[in-house]
Structure formats: structure tokens, C-alpha cells
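Examination of the molecular architecture
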Amino acid sequence: LEKVPFGKRKTVTVPYEVKDSLFLITYKNVVFNKDKYLSQENPNRMRYWKEPLRIYFNDIVDSVDRNALKDFAIRLEDKVDSLKIEFVKSIGESNFIIYYKDADNNNEYSPDMSTKNEGFYTYWNRNNQLTNTFLKIDKDKVNPSTRVELLKWRFFQSLGYFRLQSNFPCTSYFSKCFEEVKILSDSDIELLRYHYSYGICKGSNLLDFETQHELAKDVISKNPNNKMSFTHEIE
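Note that the coordinates shown come from a computational prediction; the quantities given were computed from them, not determined experimentally.

1. Observations concerning the packing of helix 1 (residues 21–32) against helix 4 (residues 186–195)
At a closest axis distance of 11 Å, the pairing of helix 1 and helix 4 adopts a crossing angle of 75°. In this view, helix 1 runs roughly perpendicular relative to helix 4, as classed from their interaxial angle. Contacts between helix 1 and helix 4 pair Phe23, Leu24, Thr26, Tyr27 and Val31 from the former with Glu190, Leu191, Tyr194 and His195 from the latter. Within the contact of helix 1 with helix 4, the residues separate by chemical class into six nonpolar, two polar and one charged.

Here is the structure:
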């Protein structure tokens, strides 16, 4: 693989996105699970999709469920600039497989999901960019009345490998609590949009994330007219 000198790569420079401290505390919990690692090195990193999601459904995903997920995904894509979602007809084109199982259809697309009734398993590259995901629901084990909301909830969680929170309202897509009615709130959207913003450094660990924000606050506090930007490689 030929390495391209940085000066010859295609890049984009984006102004630093300012957020208040309360928002950043919430964000650090859903991305880095900060509350769990208050006194030790935090192993988690920011993970996100850089490439478009190319979603494939296996044949036994019900059309109602399939259409509900498509509508939900399109709503998210419309609200988040750098999140791109496509739907494909063959596994070979996909990087995100949504599959159902039942007594008559026992195909297991991911061995890592073989012991699960539902959930997802995802992979990422060395830049912490998500590359492949398998999302599964066993129709014989999951109540039909909860299946659509469960599908959307797991899909949302997989978009950033987010850590679900016990102190969020149960209706939130970031909540650890699951119930039949989830509501895509302004808070959920704001967190997701920020995660995909290029006004922050991408793929960082918690220490780097906090260091960058402290630097930015220091620069701005000395002069509100000061500018701080991040440069990202786009190809």
C-alpha cells in the first residue's frame, strides 16, 4: 500500500464546534463511558462511520420492520450531515447486515452473534472508523410487538458503538432501559449530530478529547475572536 504524503492528501478544515460543559459531560459518558473509568485509564475511543452504511436485509426481515428501519435511517441521515446510509440488494455490496432468524431459517451471518437472541456486533479499523456490522433478531425469541423498536434502538446504538445510560429517560435512544416506545428527542439528535461533526477531532480517546477541548477553551478565553479548527483527511 503506497503511503500518500500528507501535503498531497485531500483535506477539509472545519471550525471547532463549541459546546457547554454539561453537554460535554453527557457526550463523554455515551461515547467513552467516562463514569465507569473515573480513576483509571479509559480504554474507549470515539468510533464512527466514515464510509456510507450499505445496509442489506436478509429475506425473512418482515416488510413492515424493513420499511420502519428505512424510514428511521433516512430521518437520521437527514439530520446528520456526514452520516450517509444506503440500502443494497446483495450481501456482496453491503457493510451492514440486518438479519432475522426463526425455526425455519437458521442462517447465522456472524458467529460472534450465535449465542444472542438479539443485538449487534461491529468491527472497526485502526483509525476507529466502523467498517462492518451485523444486527440480529431471533423472531422466535423476541416479542413481535417490540421488534420494530428493538431494531431501531440497536441500529441507533451501532452508529457510534454508544454506551447506553441508566440515567436517561427510558424513551431515549441512548437509554439502557428498553420499552416499546422510543422517541427520537432533540437531545438524542444533538448528541448524534455532534458525534458526526467534523468540528471535533475524530477517533480520539478520552484523554485526547479532553485535552483538545481544554486547549480550545483556553485559546477562546484569551480572545473570543480567536479561531481554532480541525483538519480532516476526506479521501
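2. Overview of helix 5 (residues 206–222)
Between its terminal C-alpha atoms helix 5 stretches 25 Å, which fits the 24 Å expected from 17 residues at 1.5 Å a residue. Restricting attention to buried positions, one finds in helix 5 the residues Leu206, Phe209, Gln212, His213 and Ala216. Projection of helix 5 onto a plane perpendicular to its axis shows the buried side chains occupying an angular sector of 130°, all on one side. Pointing more than 90 degrees away from the buried face of helix 5 are the exposed residues Leu207, Ser221 and Lys222.

3. Considering the sheet that holds strand 2 (residues 53–57)
Across the sheet, five strands lie side by side as 3-2-4-6-5; this open sheet has mixed pairing. Among the strands making up the open sheet, the edge pair consists of strand 3 (85–87) and strand 5 (118–124). Neighbour to neighbour, the strand axes of the sheet diverge by 20° on average, direction disregarded. In this structure, strand 2 lies alongside strand 3, joined through three bridges in parallel fashion. Pairing of Ile55 across the sheet is with Phe87, part of strand 3. Helix-sheet contacts for helix 2 (residues 63–79) involve strand 2, strand 3 and strand 4 (96–101), and the interaxial angle to strand 3 is about 155°. With respect to the sheet, helix 3 (residues 147–158) is in contact with strand 2, strand 3, strand 4, strand 5 and strand 6 (130–138), its orientation differing from that of strand 6 by roughly 160°.

4. Points about the state of the cysteines
Scanning all chains against the criterion turns up one disulfide. At a sulfur-sulfur separation of 1.6 Å, the disulfide partner of Cys170 is Cys177. Residues Cys170 and Cys177 are joined by a disulfide whose S-S torsion is about -70°; by sign, that bridge is left-handed.

5. Things to note about unusual backbone geometry
A positive phi angle, close to 65°, is found at Asn128, a residue other than glycine. Within the element layout of this structure, Asn128 appears in the loop between strand 5 and strand 6. The backbone of Tyr161 shows a phi angle near 50°, a positive value even though the residue is not glycine. Relative accessible area serves as the criterion here: at 29%, Tyr161 is assigned to the partly exposed category.

Here is what the cut-offs are and how they apply
- Residues numbered from 1 in each chain as written.
- Predicted model: local features only at pLDDT ≥ 70, side-chain atom pairs only at ≥ 80, totals over all residues.
- Heavy atoms only, no water.
- Axes fitted to C-alpha atoms, helices over the stretch in contact; angles between N-to-C directions.
- Helix = DSSP H or I, 4+ residues; strand = E, 2+ residues; numbered from the N terminus.
- Parallel < 35°, antiparallel > 145°, perpendicular 65-115°, else oblique.
- Contact = heavy atoms within 4.5 Å.
- Nonpolar A, V, L, I, M, F, W, Y, C, P; charged D, E, K, R; others polar.
- Expected span 1.5 Å × (residues − 1).
- Buried < 20%, exposed > 50% of the residue type's maximum accessible area, 1.4 Å probe, protein only.
- Arc of directions from axis to C-beta.
- Pairing = 2+ DSSP bridges.
- Disulfide = S-S within 2.5 Å.

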